[in-house]
Structures are given as C-alpha cells and as structure tokens.
Amino acid sequence: MSIWDLVAWFFWSFVFISYLMVVFTIIGDIFRDSSLNGWLKAVWVIFLVFLPFLTSLVYLIARGQGMAQRRGEQIAELHAAQTAYIRETAGSSSPADDITKARGLLDSGVITSAEFETLKAKALAS
C-alpha cells in the first residue's frame, strides 16, 4: 500500500462522513419543518433512501434557506429556555434582598452583628 492509497482512503472517508452528516441534517430538517405534512415528509425520506445524492442536492437547493431559518429559530428557542432556566435556578437578588436576608439571619441569631456588617458590605459592593 503506497502513501497515495492511504491519502485516497482518508479523502474518500472524509467525503463519505461529510455526506452522511448532510443526509442526517436534511432528515432532521424534514422532521423539524412544521409546514410539511406527513406525506411530503415521507416522500422526501423515500427519495433520500433511493436517490440519496440527487435528492440531497435538490433539497439543499430548493429548501436550503428555510433550513437556516428553522435552525436559527430552534437555536433562539433553546437559548431562551436556557436563559429562563438559569434565571429561575440562580434567582435574581438585589443588594437590598441580600441585606434583608442577612438581617433575618442576624435577627434569628444565626450570625453575629460583625458577620452581618460583612455581608452588608459585600452586598453594597456588588
């Protein structure tokens, strides 16, 4: 086996893996698209199975712009959900809330007045 056979093997492996990624991206986009009914989704998948290369090219040319829009919308929805989850989990506290919580701890005797002053200074500094 020569070095050029090895280079050719790596090249064709790369082409094949890239092709598989395109096909799986198209399949994901077909099922993500709510404007297509079930029959049209089935037709696209059948053509992808029997004429994969030609169908991939036609799909990318005909529906490529919509793929980008649907993917962008999905990313925006996921980002909004993640942001909402982070805000819900972390909570939003203001310096006044932190001081009120520290005052409650001081009143209940959990912390000393020196610790209260330290917490108050940290809250006002942030």
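Residues numbered from 1 in each chain as written. Predicted model: local features only at pLDDT ≥ 70, side-chain atom pairs only at ≥ 80, totals over all residues. Heavy atoms only, no water.

As named in an unreviewed UniProt entry, the protein chain is Short C-terminal domain-containing protein, taken from Microbacterium hydrocarbonoxydans.

Undergrad: What's the story with the domain arrangement of the protein chain in this structure? I'm lost.
TA: Many analyses report the size of an interface as the accessible area lost when the parts associate. Domain annotation for the protein chain reports domain 1 (3–92) and domain 2 (94–125). The straight-line distance from the C-alpha centre of domain 1 to that of domain 2 is 52 Å. (Domains from an automatic or database assignment.)

Undergrad: Even after reading the chapter, I still don't get the packing of helix H2 (residues 38–50) against helix H3 (residues 52–90), so can you show me in this structure?
TA: A pair of packed helices is characterised by two quantities: the angle between their axes and the separation of those axes. At their nearest, the axes of H2 and H3 sit 6 Å apart, and the two run at 135 degrees to each other. Judged by the inter-axis angle, H2 sits oblique to H3. For the pair formed by H2 and H3, the contact residues are Trp44, Phe47, Leu48, Val49 and Phe50 on the first element and Pro52, Thr55, Ser56, Val58, Tyr59 and Arg63 on the second. Residue classes in the contact of H2 with H3 are distributed as eight nonpolar, two polar and one charged. (Axes fitted to C-alpha atoms, helices over the stretch in contact; angles between N-to-C directions. Helix = DSSP H or I, 4+ residues; strand = E, 2+ residues; numbered from the N terminus. Parallel < 35°, antiparallel > 145°, perpendicular 65-115°, else oblique. Contact = heavy atoms within 4.5 Å. Nonpolar A, V, L, I, M, F, W, Y, C, P; charged D, E, K, R; others polar.)

Undergrad: What exactly am I supposed to notice about a nonpolar patch on the surface here?
TA: A contiguous nonpolar patch, built from Val43, Ile46, Phe47, Val49, Phe50, Leu51, Leu54 and Val58 and spanning about 770 Å² of accessible area, is present on the exposed surface. Secondary structure elements with two or more residues in the nonpolar patch: H2 and H3. The greatest single-element share of the nonpolar patch, amounting to five residues, is contributed by H2. Among the secondary structure elements, Val43 is positioned in helix H2. The class of Val43 is partly exposed, set by a relative accessible area of 38%. (Patch = residues over 30% accessible without salt bridge, like charges linked within 9 Å, V, L, I, M, F, W, Y side chains within 5 Å. Areas by Shrake-Rupley, 256 points an atom, 1.4 Å probe, with all protein chains shown as cover. Salt bridge = Lys/Arg side-chain N within 4 Å of Asp/Glu carboxyl O. Buried < 20%, exposed > 50% of the residue type's maximum accessible area, 1.4 Å probe, protein only.)

Undergrad: When you look at the UniProt feature "transmembrane region" (unreviewed entry) in the protein chain in this model, what are you seeing that I'm missing?
TA: UniProt records the feature "transmembrane region" (unreviewed entry) at residues 7–27 and 39–62, using the numbering of this structure. For residues 7–27, the helix share is 100%, the strand share is 0%, and the end-to-end C-alpha distance is 30 Å. As a span, residues 39–62 carries 96% helix and 0% strand, and end to end its C-alpha atoms are 18 Å apart. (UniProt positions renumbered as here; feature names shortened; annotations may be inferred.)

Undergrad: Help me out: how do you make sense of the pattern of salt bridges in this one?
TA: Oppositely charged side chains may form a pair once their charged atoms are brought near each other. Summed over all chains, the structure comprises four salt bridges. Notably, a salt bridge pairs Asp29 with Arg70, separated by 2.7 Å at the nearest N-O pair. One end of the pair, Asp29, is in helix H1 (residues 3–32); the other, Arg70, is in helix H3, with 41 residues separating them in the sequence. Both residues of the pair, Asp29 and Arg70, belong to the buried class. In this structure, Arg70 and Asp33 form a salt bridge, with 3.7 Å as the shortest nitrogen-oxygen distance. With Arg70 in helix H3 and Asp33 in the loop between H1 and H2, the pair connects residues that are 37 residues apart, well separated along the chain. Each member of the pair Arg70 and Asp33 is classed as buried. Beyond isolated ion pairs, a larger network of salt bridges with shared partners links Asp29, Arg32, Asp33, Arg63 and Arg70.

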